[in-house]
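Tertiary structure, described
If you want the building blocks of each chain, they are given just below.
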Amino acid sequence: MKLNLSVDQVLSTTRSVRKRLDITRPVPRELIDECLELALQAPNGINQNTWRFIVVDDPAVIAKLGKLYKEVVAEHSKALTANVAHLPGEDKVLDSAMALVEKIEKMPALLIPLAAGRPEGKAAPEWASMYGSIIQATWSFLLALRERGLGSVWMSAGTRREKEAAEILGIPMDKYTQIGWFPIAYTIGTDFKKAWRKPVPEVRTYNKF
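These numbers were taken from a predicted model, which means no experiment stands behind them.

With respect to helix α2 (residues 29-39)
- For α2, the set of buried residues is Leu31, Ile32, Cys35, Leu36 and Ala39. Projected down its long axis, α2 carries its buried residues within an arc of 140°, all on one side. Turned more than 90 degrees away from the buried face of α2, the exposed residues are Glu30 and Glu37.
- Contact partners of the buried residues in α2: β2 (52-56), β3 (109-116), α5 (124-147), β4 (150-151) and β6 (182-187).

In structure tokens, the structure reads:
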């Protein structure tokens, strides 16, 4: 069922969802494919159509990846929390992040987008080209989830265990890079609102820094 949100509503209320991911409701593969079909329509760079997306919905495999994620958070929790800016609501972000850790092993599904190539030794223009398209496609996927009453969050910390995850999923690490892990679940309620952000004049300039 679609929420029939306007484009502006989808863009302004697609949140990073952690606490409100419902691990009790299965997510049909057909619905995930529907969102991926929209994701594939995202703007492309020169690496057109080199994307790969792995959907993990086997509970045993999700549990293995969840275990890796928990280990990462346990090992790097001090560094991860120290890097968080002291802005309004950031304490809630940390609280919700830890709530996600507690249930990550029981997610209905996970999406792992793969960028073609490896980042090692690349200069900034090559990085931009490598990630430019896959990130846009993944964001389109998250927007499509929102319109259908589902949510996700970019779990970048999991890529600290990229090698182990690649072994679990059979990913050729010499050819592909995991850009993140994304849980997929229905949200508990769909009443997401705009978040606090700095006013545009504080972050926008014209013609110079």
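Back to the write-up after that little detour.
A word on the side chain of Glu162
- By the secondary structure assignment, Glu162 is in helix α6 (residues 162-169).
- Here the side chain of Glu162 touches Arg118 through a polar contact of 2.8 Å, side chain to side chain.
- Among residues more than four places away in sequence, those in contact with Glu162 are Arg118, Met173, Tyr176, Thr177 and Gln178.

Some remarks on empty space enclosed by the protein
- Scanning the model with the defined rule gives one cavity of 30 Å³ or more in all.
- Quantified by volume, the largest cavity comes out at close to 50 Å³.
- For the largest cavity, the full set of lining residues is Thr13, Thr14, Arg15, Val17, Leu142, Leu145, Arg146, Leu150, Gly151, Ser152 and Phe192.
- Elements with a contribution of two residues or more to the lining of the largest cavity: α5 and β4.
- Per-class residue counts for the lining of the largest cavity are five nonpolar, four polar and two charged.

Concerning the packing of aromatic side chains
- Applying the stated criterion to the full structure yields three aromatic pairs.
- Here the aromatic rings of Trp127 and Tyr131 are separated by 5.6 Å at their centres, their planes lie at 45°, and the arrangement is tilted. Taken together, the residues span about one helical turn, with Trp127 and Tyr131 both in helix α5 at a distance of four residues.
- According to the relative accessible area criterion, Trp127 is partly exposed, its value standing at 39%.
- Tyr131 sits in the buried class, given a relative accessible area of 17%.
- Ring centres 5.5 Å apart and planes at 40° place the aromatic pair Trp154 and Phe182 in the tilted group. One end of the pair, Trp154, is in the loop between β4 and α6; the other, Phe182, is in strand β6, and 28 residues separate them in sequence.

Scoring rules and cut-offs
- Residues numbered from 1 in each chain as written.
- Predicted model: local features only at pLDDT ≥ 70, side-chain atom pairs only at ≥ 80, totals over all residues.
- Heavy atoms only, no water.
- Buried < 20%, exposed > 50% of the residue type's maximum accessible area, 1.4 Å probe, protein only.
- Helix = DSSP H or I, 4+ residues; strand = E, 2+ residues; numbered from the N terminus.
- Arc of directions from axis to C-beta.
- Contact = heavy atoms within 4.5 Å.
- Polar contact = N/O pair within 3.5 Å; in protein donor to acceptor, adjacent residues only side chain to side chain.
- 1 Å grid on protein atoms, 1.4 Å probe; cavity = no way out; pocket = protein on both sides within 12 Å on 5 of 7 lines; lining within 4 Å.
- Points joined across faces, edges and corners; volume = space filled by probe spheres on them.
- Nonpolar A, V, L, I, M, F, W, Y, C, P; charged D, E, K, R; others polar.
- Phe/Tyr/Trp six-rings, centres within 6.5 Å; stacked < 30°, edge-to-face > 60°.

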